Amino acid sequence: MVRIANIVTDEKFIDNLIELNDNICHSAENYYVLVYIKNKPVLKLIKQSHRILFVEKTAFVSFLENNHIDAVFLHNLLSLPLDVTPQIPKSLLVFWMAWGIDIYNEFVLNIPLYHHDTQKLVRNFKNKLIEKIKKITFYSKKRRVLYRNAISRVDYFSGVLPQEYGLMSKLTFFHAKQFYYSYNSLDDLKDTESNFILSKGMDVMLGNSAAPTNNHLDMFELVNSFADKNDIKYYAVLSYGASQNYINKIVSAGRKLWGGRFIPLLQFMNRYDFFKLYDDCGFCLYLLERQQAIGNIEFALKHGKKVFISDNCLTYHYFKSIGCDIYSIQKDLSKESLKVPLSEESQKKNYNIITSLYTINTETEKINQLVNICLLYTSPSPRDGATS
């Protein structure tokens, strides 16, 4: 049986990962490892804490050897200190499940992320902090070398979107093969039999988190230029993803524009309560320039929302490529488009596309393919002939 070390961080969907593997991954023994540098962390988001093995950074390679691990799954490249990844023995396969923050940065895929007003705000915050953080490794020249060395050690890569492999392949230090991986809850995979329900909401959901890459200030102004002065509510998820100073600025801007009709979601909500908010929403806007919020967008499309995305973003082109009816913020957003919900025909079309993407069968097949790759690599003859 293949032994897999899943390297994780304290994120809310790791519980889903554990539950799904327990139910569909029967040909591998999965370890869930949180690697720390100095002080052992206290878990805040992972509920199945008894399943997590805490390993100090300097003991990680020994952990792999002592437990006869065959493959390392990096759930986010930054789940493991970058200087440790190249130390993983060549006899082990390294799989990287990229999330976004680990590739869309100045060291890997350096693309413009911010629109005008957000750029000014972010730059202002950075200028205030820059002297304090100059010595931090993340901002040093060494960080670029660390990224490159870690990425060079990766054998297999999966982006959130398949097209991200093409972007990574342009990098001279990237040599990984492509595989396909997705994060889904067992409940979602079992939900493919639920009935289609027509969405009739008229409220608006703006962005997916407090991360500045949502370009909140620019999006607010754009939406407000088209909005009627009526009883429409505007929701913004601001419970995670940014500093409190940034969140306060966004809350202030939203209330200035819409008063009590602006509803900032400032506290972490469980999955059920969060998605329940979508019942009253008919429109979801994402002024993102990089892959982000895929789970939120898929949920919105599945539940009949009219989704607008920046057409500069890979995400927009991905959903177009699989046949979804989605809209460009730059070309399609208008006063009229925010008055008319998605048609019933388009709602049903999007529902059928999204529900067919992820099923128990599709996810089981993905896992089995990964296990088979590991089995082939760990069998005597391929390993004897493996090159470093």
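For the structure, check the block above.
Residues numbered from 1 in each chain as written. Predicted model: local features only at pLDDT ≥ 70, side-chain atom pairs only at ≥ 80, totals over all residues. Heavy atoms only, no water.

Asker: Please clarify how the sheet that holds strand 1 (residues 2–7) should be interpreted in this entry.
Answerer: Two modes of strand pairing occur in sheets, parallel and antiparallel, and in both the strands are linked by backbone hydrogen bonds. Ordered in space as 3-2-1-4-5-6-7, the 7 strands form an open sheet in which the pairing is parallel. One side of each edge strand has no neighbouring strand; the edge strands of this open sheet are strand 3 (52–56) and strand 7 (177–178). Pairing of strand 4 (residues 71–75) with strand 5 (residues 93–97) involves 5 bridges; the strand directions are parallel. Residue pairing across strands places L74 opposite W96, the latter belonging to strand 5. Its contacts with the sheet put helix 14 (residues 360–378) on strand 1, strand 2 (28–36), strand 4, strand 5 and strand 6 (156–158), and the angle it makes with strand 5 is roughly 160 degrees. (Pairing = 2+ DSSP bridges. Helix = DSSP H or I, 4+ residues; strand = E, 2+ residues; numbered from the N terminus. Contact = heavy atoms within 4.5 Å. Axes fitted to C-alpha atoms, helices over the stretch in contact; angles between N-to-C directions.)

Asker: Sorry, what's going on with unusual backbone geometry here?
Answerer: Negative phi is the rule for most residues except glycine; trans is the rule for most peptide bonds. Phi at H68 takes a positive value of approximately 55 degrees, unusual for a residue other than glycine. Judged by its relative accessible area of 55%, H68 falls in the exposed class. One non-glycine residue, N215, adopts positive backbone phi at about 50 degrees. With respect to the secondary-structure elements, N215 resides in the loop between strand 8 (203–206) and helix 7 (216–226). In this structure N215 comes out as buried when scored by relative accessible area, which is 0%. (Buried < 20%, exposed > 50% of the residue type's maximum accessible area, 1.4 Å probe, protein only.)

Asker: What's the story with the environment of V371 in this structure? I'm lost.
Answerer: Here V371 is to be found in helix 14. Under the relative-accessibility criterion, V371 is labelled buried at 2%. Distance from V371 to S27, taken between C-alpha atoms, is 7.2 Å for residues 344 residues apart in sequence. Residues within four places of V371 in sequence aside, it is in contact with V2, C25, S27 and A28.

Asker: Teacher, can you tell me more about the side chain of E298 here?
Answerer: Within the secondary structure layout, E298 lies in helix 10 (residues 294–302). Beyond its immediate chain neighbours, meaning those up to four positions away, E298 contacts F319, I354, L357 and Y358.

Asker: Is there a simple way to think about the packing of aromatic side chains in this case?
Answerer: Aromatic ring pairs: the centre-centre distance and the angle between the two ring planes describe each pair. Across all of its chains, the model carries 22 aromatic pairs by this definition. For the pair F13 and Y183, a centre-to-centre distance of 5.2 Å together with 55 degrees between the ring planes defines the contact as tilted. Of this pair, F13 sits in the loop between strand 1 and helix 1 (14–24) while Y183 sits in the loop between strand 7 and helix 6 (186–190), and the two are 170 residues apart along the sequence. We classify F13 as partly exposed; its relative accessible area is 24%. Relative accessible area serves as the criterion here: at 28%, Y183 is assigned to the partly exposed category. Centroid distance Y278 to F299: 5.2 Å. Interplanar angle 70 degrees. Geometry classified as edge-to-face. Of this pair, Y278 sits in the loop between helix 9 (271–276) and strand 11 (281–286) while F299 sits in helix 10, and the two are 21 residues apart along the sequence. The exposure class of Y278 is buried, given its relative accessible area of 1%. Residue classification places F299 among the buried positions, given a relative accessible area of 16%. One aromatic cluster is present, built from ring pairs that chain together F13, F73, F95, W99, Y156, F179, Y181 and Y183. Its guanidinium or amino end placed over the ring of Y240, K12 lies 4.5 Å from that ring's centre, counting from NZ or CZ. The ring of Y327 carries the charged tip of K306 above its face, separated from the ring centre by 5.2 Å. (Phe/Tyr/Trp six-rings, centres within 6.5 Å; stacked < 30°, edge-to-face > 60°. Lys NZ or Arg CZ within 6 Å of the ring centre and 35° of its normal.)

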